[in-house]
Each structure stands twice: as C-alpha cells, then as structure tokens.
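# A closer look at the structure
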Amino acid sequence: MSEYLRLLRVNQYIKNLLIFAPIFFSFNYSNLYLLKICAISCFLFCLLSSVIYIINDICDIEKDKLHPYKKYRPLANGDINKKNALILAIILICLSFIGSFLLNKSVFLFFLVYFVFNILYSLKLKKIPILDLIAISFFYIIRILIGSAITGIISSNWLYIMTFLVALVVAIAKRRGEYILSNGEKLSRHVLEYYNKDFLDFSLILISGITIVSYILYTVSERTIASVGSEYVFVTIFWVIVGFLRFLQSVLVFNKLDDPVKFIYKDNVSKLIVLLWILNFVIIKVMTR
C-alpha cells in the first residue's frame, strides 16, 4: 500500500489547499457550505493531480532511473508495473472528471484545462527554458481559479499575482536542486542544459524580492483594508519576510536540495512561521468585529 501512496504523491496534496485561498482571503471561514464544496473540489483535484504524477512517472521511467532520488520511485525501481499504474490512473481520472462535472461545470472545465496543459507540459513545455518555470506557476493559478469558480468568490488581482510569484520561486528552487544534483549534466531533465547555478540563484533572490514587495503593496491597498476592515493587515508582512529569509537560507546557505514542498513538511521553523502568519490574519479579522 505504501508504494501506491508514493505513486499518488499524497505528500504533494498540500499544494491543492490553494483551492481554499478565495475563502481564506475573503474571510468566509464560517460559511460551512462554501467550505464543504471547496473540500469536495479539493479532493477531486487531488485525484486528478495524482493522475498527472502517474503519467509523468510512466513517461520518465528511464530518466528517473538515472536520478539519485527519483530512482526510488515505485515505477522506476519496479515496485509497481506500468499496467497497474495505468489502470489506477484511468480509474482516478474518471472519478475526477465525472465528479467535477456533476459538482460544477466551470470547475470541470478548469480540471480539463489543467489536465491538457499538463500533458502539453510533459510533452513539450518542460523542455523549453524559462517557459518551463512559467508553466509550473500557471498550474498554481488554476487552483485559485477552481476555488473562485466553486465558491463564486471573485479573487483580487493581488492574489493571482502573489500566487504566480510564489509558485515561480518554488519552481526555480526546484530547478536549482535538480541542477546541483546533476552536477551540471543532463540527467533527468533536458532543460537543465540551459541553466546554471548563478542564474538560478539570482533568479531565486530576484523573484523572492518582487514577491515580498507585491505582498507589501497588497496589505496597504485600499481594497484589502476595506475587505478586512482593518488597516493593520500590514503587520503580517513580518511573517512573510521571515518566511522568505528562512527559505532562502535553507536553499542558498544550507543547500537543501529537497523538493520545496517537502521542505515545508520537514522544516519545523517554516511550519511555525506559516501557522503564525495565518493566526495573525485571523486575529486581525476577529479584532475588527
């Protein structure tokens, strides 16, 4: 059973919580109906995301065998055969598409776009430098769009901008780890040929800085202040800056080469920072009542 959980990449499901972002940033925490339909959408999207992981693993078996970490994946090391993986993918995609269609037609369309775009990414886009990073960021935007579609909450432009930027930071950090593990050689990704450590380090710092500035502008914008009902949203800037510094320290100083998502799971300091950031938001909202 554990090998199938690894095949589904259950540990990556945390990214799909972005579907709840429209609820979080609109402060509709007490609306149980919105929370319920968002949870159902998130569950169905988790099934779809697992399908993408399975397809990618099937296509990249030979390349994964050359990777120091990916060679331990269930398909690459032979724990699960292609036939069983393909059958599981077919079952999951049927459940995901049928469920999303019955739930909300707009959500179904976004599911379909996500699936098609991922196939396009696997076949072509991931081989094109820079565009491969942009494509990954677009996948995160789709999660926000799903959350908005299912709840009917119109998300601010700031949410899309910051989601894109944070996703870009994650994508760059991931490429950096892959590049260092490959020692500058093409191992698991063709696109690594067009990157080097200096470029990725500079890009990581640059986009992180832009993200922080964007968040600062978001907290002092009139729409945000009006939505929250408090001018003290800017206080949450502290946690964002500390969080980015911790992330950059782990990547650039401690040279952590894990997937950035796995880093969040493992690093207790980062988990505490995220928790305090969320708590700070909730406290500000409660104090305005």
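Up top is the structure these notes are about.
The sections below set out a description of the structure shown in this document.

Here the focus is a nonpolar patch on the surface. On the surface, a nonpolar cluster with roughly 530 Å² of combined accessible area is contributed by Val213, Leu217, Val220, Tyr232, Phe234 and Val235. Take Val235: it is sitting in the loop between helix H10 (222–228) and helix H11 (237–253). What makes Val235 partly exposed here is its relative accessible area of 36%.

Next up on the list: the side chain of Asn16. Tracing the sequence through the fold places Asn16 in the loop between helix H1 (2–8) and helix H2 (21–26). The exposure class assigned to Asn16 is buried, which follows from its relative accessible area of 1%. Ignoring sequence-local partners within four residues, the contact set of Asn16 consists of Cys42, Phe45, Cys46, Ser49 and Arg143.

Moving on: helix H7 (residues 131–151). Between its terminal C-alpha atoms H7 stretches 31 Å, which fits the 30 Å expected from 21 residues at 1.5 Å a residue. The buried fraction of H7 amounts to 16 of the 21 residues, a majority that puts the element mostly inside the structure. A positive phi of about 80° marks Gly152, the residue just after H7.

By rolling a water-sized probe across the atoms, one finds the places where empty space is left. One number sums up the size of the largest pocket: a volume of about 1,400 Å³. Looking at the largest pocket, it is lined by 34 residues, and the ones nearest its centre are Leu18, Val166, Ile264, Val274 and Trp277. Of all the elements in the fold, those that place two or more residues in the lining of the largest pocket are H2, helix H8 (157–181), helix H9 (197–220), H11, helix H12 (260–266) and helix H13 (268–287). Considering only residue class, the lining of the largest pocket consists of 28 nonpolar, four polar and two charged. Looking at the second largest pocket, it is lined by 47 residues, and the ones nearest its centre are Arg9, Lys70, Arg73, Lys174 and Asp259.

The subject of this paragraph is the environment of Pro260. Position of Pro260 relative to the elements: it lies in helix H12. In this structure Pro260 comes out as buried when scored by relative accessible area, which is 5%. Ignoring any residue separated from it by four or fewer positions in sequence, one finds Pro260 in contact with Val170, Ala173, Lys174 and Phe247.

Rules and cut-offs
Residues numbered from 1 in each chain as written. Predicted model: local features only at pLDDT ≥ 70, side-chain atom pairs only at ≥ 80, totals over all residues. Heavy atoms only, no water. Patch = residues over 30% accessible without salt bridge, like charges linked within 9 Å, V, L, I, M, F, W, Y side chains within 5 Å. Areas by Shrake-Rupley, 256 points an atom, 1.4 Å probe, with all protein chains shown as cover. Salt bridge = Lys/Arg side-chain N within 4 Å of Asp/Glu carboxyl O. Helix = DSSP H or I, 4+ residues; strand = E, 2+ residues; numbered from the N terminus. Buried < 20%, exposed > 50% of the residue type's maximum accessible area, 1.4 Å probe, protein only. Contact = heavy atoms within 4.5 Å. Expected span 1.5 Å × (residues − 1). 1 Å grid on protein atoms, 1.4 Å probe; cavity = no way out; pocket = protein on both sides within 12 Å on 5 of 7 lines; lining within 4 Å. Points joined across faces, edges and corners; volume = space filled by probe spheres on them. Nonpolar A, V, L, I, M, F, W, Y, C, P; charged D, E, K, R; others polar.

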